[in-house]
Amino acid sequence: MFAVHLMAFYFTKLKEDQIKKVDRFLYHMRLSDETLLDIMARFQAEMQKGLGKDTNPTASVKMLPTFVRAIPDGSENGEFLSLDLGGSKFRVLKVQVSEEGKRNVQMESQFYPTPNEIIRGNGTELFEYVADCLADFMKTKELMQKKLPLGLTFSFPCKQTKLEEGILLSWTKKFKARGVQGTDVVSSLTNAMKRHQDLDVDILALVNDTVGTMMTCAYDDPYCEVGVIIGTGTNACYMEDMSNIDLVEGDEGRMCVNTEWGAFGDDGALEDIRTEFDRELDLGSLNPGKQLFEKMISGLYLGELVRLILLKMAKAGLLFGGEKSSALHIKGKIETRHVAAMERYKEGLANTREILTDLGLEPSDADCIAVQHVCTIVSFRSANLCAAALAAILTRLRENKKLVRLRTTVGVDGTLYKIHPQYPKRLHKVVRKLVPNCDVRFLLSESGSTKGAAMVTAVASRLQAQRKQIDKVLALFRLTQEQLVGIRNKMRVEFEYGLKKDTHPLATVKMLPTYVCGMPDGTEKGKFLALDLGGTNFRVLLVKIRSGRRSVRMYNKIFAIPLEIMQGTGEEVTAGRGFTLQGASLPSTPSSARPVRLLLSLSLQLFDHIVQCIADFLDYMGLKGAQLPLGFTFSFPCRQASIDKGTLIEWTKGFKATDCEGEDVVDMLREAIKRRNEFDLDIVAVVNDTVGTMMTCGYEDSNCEVGLIAGTGSNMCYMEEMRNIELVEGDEGKMCINTEWGGFGDNGCLDDIHTQYDKEVDEGSLNPGKQRYEKMTSGMYLGEIVRQILIDLTKQGLLFRGQISERLRTRGIFETKFLSQIESDRLALLQVRRILQQLGLDSTCEDSIVVKEVCGAVSRRAAQLYGAGLAAIVEKRREDQGLEHMRITVGVDGTLYKLHPHFSRILRETVKELAPQCDVMFMLSEDGSGKGAALITAVAKRLQQAQREH
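Residues numbered from 1 in each chain as written. Predicted model: local features only at pLDDT ≥ 70, side-chain atom pairs only at ≥ 80, totals over all residues. Heavy atoms only, no water.

## Describing helix 20 (residues 665-676)
Piece 1. For helix 20, which comprises 12 residues, the first-to-last C-alpha distance of 17 Å matches the rise-based estimate of 16 Å (1.5 Å per residue) to within 8%.
Piece 2. At the N-terminal boundary of helix 20, the capping side chain belongs to D664, with an oxygen 2.9 Å from the backbone nitrogen of V666.
Piece 3. Trailing helix 20 by a residue or two, N677 shows a phi angle of about 55°, which is positive. (Helix = DSSP H or I, 4+ residues; strand = E, 2+ residues; numbered from the N terminus. Expected span 1.5 Å × (residues − 1). Polar contact = N/O pair within 3.5 Å; in protein donor to acceptor, adjacent residues only side chain to side chain.)

Given below as C-alpha cells:
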C-alpha cells in the first residue's frame, strides 16, 4: 500500500515538475485575461478600420460585405444545389427545403477528391473539374431535366459587389491555382458549366463557408447571427448594420460581413503576442507574412507549432534526453489530429507515447507529460485568441442594438472544434468571461457550409419572390411623369368648371369665392379676436397688430372639441338638454326665417361649446366687456355671399354634426353669443385656414398669392382675377378663391391611380365617395392607407410572419406622425422596429425595411399629387397675366409639410418639373389660421373704412 502511495506521489511530483518546465519554456504563449481584453480591443479597432471606406484598403481585417441580407425565417421551400470548395474534399449537395409548418431539410450529397495537381494547377482546369463533378452528381441523382438554383460555398477571401459575384483576393490553405486571383469565380464556374449543354443551373449565391455555417444554424435557431469556423482555417462572420458598412451603398437593414479574421496581425498589430515558433512556422508556409492570426489558431498549423516546440526543447536537452529523431525534423509530421488525441482526458498519455514512438522517439513518462502539456498550451492559446476576437464581435453586436444585455447564438463548424476534446469547453468559458453581458449559445453546425450555401440560396430565392410581390404593390403608388402631367391638366379643367356659372354645380373643385379682395399693405393696426376651428382642437386668440414695423403679437388658448360634439347630432344633444326636436331634416327656407328652436340643436351641440370657450378666454385675458372685431377661421367648405357670411356645404376631417350643413356658420355663432348674453363681438370675417395661411405670408412677402395646407386636411387658395369669377359680379381687381380641391376626383377622373387600398380607406371613412384627392394626400388618411397595405402584405405572408395582430386590424392605429418618424433619415432600423413594437407589431429587420418602403411610397405619391395640383394653379396665374416667366410665393402650413422629412422636397421638385416657367418660392406660415384670421379682419376693416370715406 505504501508503495502505491509513493508511486502516486512520485507521478504527481513528476507531472508538476514537467508542467512547470514547459510553462517556463512557453511563457509567452500563456495569455492573461488583461492581454485577452487588450487583443479584443485591438480586434474591435481593426473591424472598424475594415468597415470604413477610407481605411479599408490598409486594414488587415477586410470585413468583406457578403450581400447576404437576411437569415432564414422558416418559410423557405424548394430544391437547391450546393457546392463546397475549400477543403481537402469537394462536396456536391442537393437540398430539399420544405415548410410544412415546421422547418424540414433533406439532403443528398457526394464527395469528390481535390487532387494537388488540380488545386495547384491551372485555374480553368480547376473550374472545369468542379463542373464535371456537378454534372456527374446531377446525372447520378437524375436531376438533369430540372432547372435548379445553386449556392457555391467558396472558402477563400473574395470581394463581392453582389450576392452572385466574387473576385478572389487571395488563395489560402493549400490552394494555389493559377490565373484565378483577381477574377470573378462565379463567371469562371458559369463558363465551365457551359461545356455541359444539358446542365441548366443558375448560380444565385456565392457564400463563404463561415457564412454557410451561420445560415445553417440560423435555420434552426433564429437568434443565430454569428458564424465561426475553427478547422483547417479559421474565420468569423456576423450580421452588421448596413449603416456601418461604408463599402456598400444604402443604410437600410443588415448584411452579413465576412471578417476574414485570419489576416488579423498581418500589419504588425500582434507582434508582441507572436513567438519565435510562430515566426518560424510562418517562414516555412506557402504564404509568409500573411494569415498570421490563422497560423496561431487553425488546425492546419497547430500540429506544426507543436512539432517546432518539441524540436527546440529536444535540442535544448529538455525532452527525450536531448535525442531527436529524423521524423521530428520533417514538416507536417505532427498533425492537429495528433494534438487532439494527446489531449484526451484518460487515454491522452497513452496516445502521446504511441505518437512519439511512431516518430522514432523513446519518450519517458516525464516526456509524455511534458509533450501533453505543450499540446495543451498551444491549443489553449488558440481557443483564447479565438475567444478574444469573437468577444469583440459580440460586443459590437450588443452595441449596435443598444442593449445592456445581448442574447445571441454563435454557429460553429470546423474539425478542430469538433474533434478536439477540450477545445469547445475552453472557448465557451473564455468568451463568457470576456463578455459577461452577453448570453451566448454555441450551436454546432450540421453539414455546415454546404447546407448553409443552399440556405443562402433558398433565402435569396425567397427574397427574390417576395421582392417581386412587394414591388408589384409599391408600383401602384409610383406616378410616372406622364400621369403627373395628366393630373395637372385634369385639375386645371376642374378649376375652370368651378369658376364658370354654368358648370359650377357639377364641378368637384368648388372654387368658392371668399370675398377677401385685398392683401395686407402694412398699415393694419389694432386688437383683434380670432377663432380657429378646423380639427380636434379649437383655439381662441387675441392678436395685436402694429403698423409701420409690421409687428404682430398673439395670445392664445387651446380648447378640446369632445368627440360626441364633433360627430353628434342635434337631436341627441337637445334630447339630453330637455329640448324637443322631431328628427326631421332642416327645411330649405333661409336660415333667418327659420324657428330658433331648430338652430338651438346645432348651437347647443357645437356653437354653445365655442362660445363657452370664448368666454373662458376673455376671462383669462381680462377682456370680458371689450368689443373687439373678430375673424372666424372655419376650415370647412363654405359658400360665401359676403366676407361675413358662410354657409357650410359639408363637413370634412372627421366632423359629422350634420344638422349644421346648409346653415350660415356666422349666424349660428351670433345666435350662440346672444343666448349667452354676456358679451358682444363684431364678427367681421369668416375665413378658411388656407386663406389665413396666404394672408399671413402675404403680410411678409407681397409676392405671396397662393395659400396651401398640407396637414390633417388638404386645400389650396389663390388670388384670382375678378373677370374670371362668374359667380360674383364685377370685373375689377382680384378675389381670393378657396378651391376646396379635396373633392378633386369625386367624379372618377382619378380612377386610374385610385388603388384598392384607397378604396378600402374611402369605404371605411365618414364620407364614402367624397374628398378623394384629400384622402390620397392628407395627413388624416396616409397612415390608414399604409395600414391597409400592411394588412394585405401580411395576408400574402410578406410581413410579420403572416400574422395579422389585433392592433393591425384596428382602424386609425397607424397615425401619419409615424410615417414622418419611420421615414426619418436619422432613424436607424432598430428605432423603426421599436415604433412598430409600440403599435403591437413584432417586426424583423426585413419587415422594418418593407414598412419604411411602404411609408415612403404612400407619402411620395401624396407629395407628387400636391405638386401636380399646385403646378396647375401657378401655370394658370402665369397665363392669366400673359407672362413668359413668373415669380410667385406660396404660403404653406400643415404638419405634413412641416414635419415629414421628405414631403416638402418632393412637392417642390414636382412643381418645378410640371411648371418649369414659374419660379415658385415656398414660405412657411406662422399660424395662418390664427394670425391670418386677424389680418383678414384688419384688411376688411381697412377696406370698409376706405369705402365709407369714398
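## Some words on a positive patch on the surface
Piece 1. A cluster of like positive charges, contributed by R120, K174, K176, K290 and K331, occupies part of the molecular surface.
Piece 2. Tracing the backbone through its elements, the reader meets K176 in the loop between strand 7 (167-168) and helix 5 (185-193). (Patch = residues over 30% accessible without salt bridge, like charges linked within 9 Å, V, L, I, M, F, W, Y side chains within 5 Å. Areas by Shrake-Rupley, 256 points an atom, 1.4 Å probe, with all protein chains shown as cover. Salt bridge = Lys/Arg side-chain N within 4 Å of Asp/Glu carboxyl O. Lys, Arg positive; Asp, Glu negative; His and termini not counted. Charge placed at Lys NZ, Arg CZ, Asp CG, Glu CD.)

## Overview of the packing of aromatic side chains
Piece 1. Under the definition given, this model contains 24 aromatic pairs.
Piece 2. Geometrically, the ring pair formed by F632 and F634 is edge-to-face, given 5.5 Å between the ring centres and 65° between the ring planes. F634 carries the same exposure label as F632, and that label is buried.
Piece 3. Taken together, a centroid distance of 5.4 Å and an interplanar angle of 80° make the contact between Y866 and F903 edge-to-face. Here Y866, found in helix 27 (residues 845-880), pairs with F903, found in helix 29 (residues 903-914); they are 37 residues apart in sequence, far enough to count as distant. Across the pair, F903 and Y866 agree in class, each one buried. (Phe/Tyr/Trp six-rings, centres within 6.5 Å; stacked < 30°, edge-to-face > 60°. Buried < 20%, exposed > 50% of the residue type's maximum accessible area, 1.4 Å probe, protein only.)

## Details of the packing of helix 24 (residues 779-795) against helix 27
Piece 1. Where helix 24 contacts helix 27, the two axes come as close as 10 Å, and the packing angle between them is 140°. By the angle between their directions, the pair helix 24 and helix 27 is classed as oblique. For the pair helix 24 and helix 27, the crossing hand works out as right-handed. Residue-level inspection shows L782, I785, V786, I789, L790 and L793 of helix 24 in contact with helix 27, the latter providing V850, V851, V854, C855, V858, S859, R861 and A862.
Piece 2. Residue composition of the contact of helix 24 with helix 27, grouped by class: 12 nonpolar, one polar and one charged. (Axes fitted to C-alpha atoms, helices over the stretch in contact; angles between N-to-C directions. Parallel < 35°, antiparallel > 145°, perpendicular 65-115°, else oblique. Left-handed = near helix turned anticlockwise from the far one by under 90°. Contact = heavy atoms within 4.5 Å. Nonpolar A, V, L, I, M, F, W, Y, C, P; charged D, E, K, R; others polar.)

## Re the pairing of strand 18 (residues 629-634)
Piece 1. For strand 18, a buried count of six out of six residues is recorded, marking the element as mostly surrounded by other parts of the structure.
Piece 2. Residue alternation in strand 18 divides its side chains into two sets, P629, G631 and T633 and L630, F632 and F634, and both sets are buried.
Piece 3. Bridge analysis of strand 15 (residues 526-533) against strand 18 gives five bridges, and the strand direction is parallel. If you follow D532 over to strand 18, its bridge partner there is T633.
Piece 4. Bridge analysis of strand 18 against strand 21 (residues 682-687) gives five bridges, and the strand direction is parallel. The partner of F632 across the bridge, within strand 21, is V686. (Pairing = 2+ DSSP bridges.)

## Regarding the environment of H900
Piece 1. Relative to the elements of secondary structure, H900 occurs in the loop between helix 28 (895-899) and helix 29.
Piece 2. Along the primary structure H900 and L865 are separated by 35 residues, whereas in three dimensions their C-alpha atoms are 16 Å apart.
Piece 3. If near-sequence neighbours (up to four positions away) are discounted, H900 is found in contact with L819, S820, E823, S859 and T895.
Piece 4. Engagement of the side chain of H900 in a polar contact is seen with the side chain of S859, the distance being 3.3 Å.

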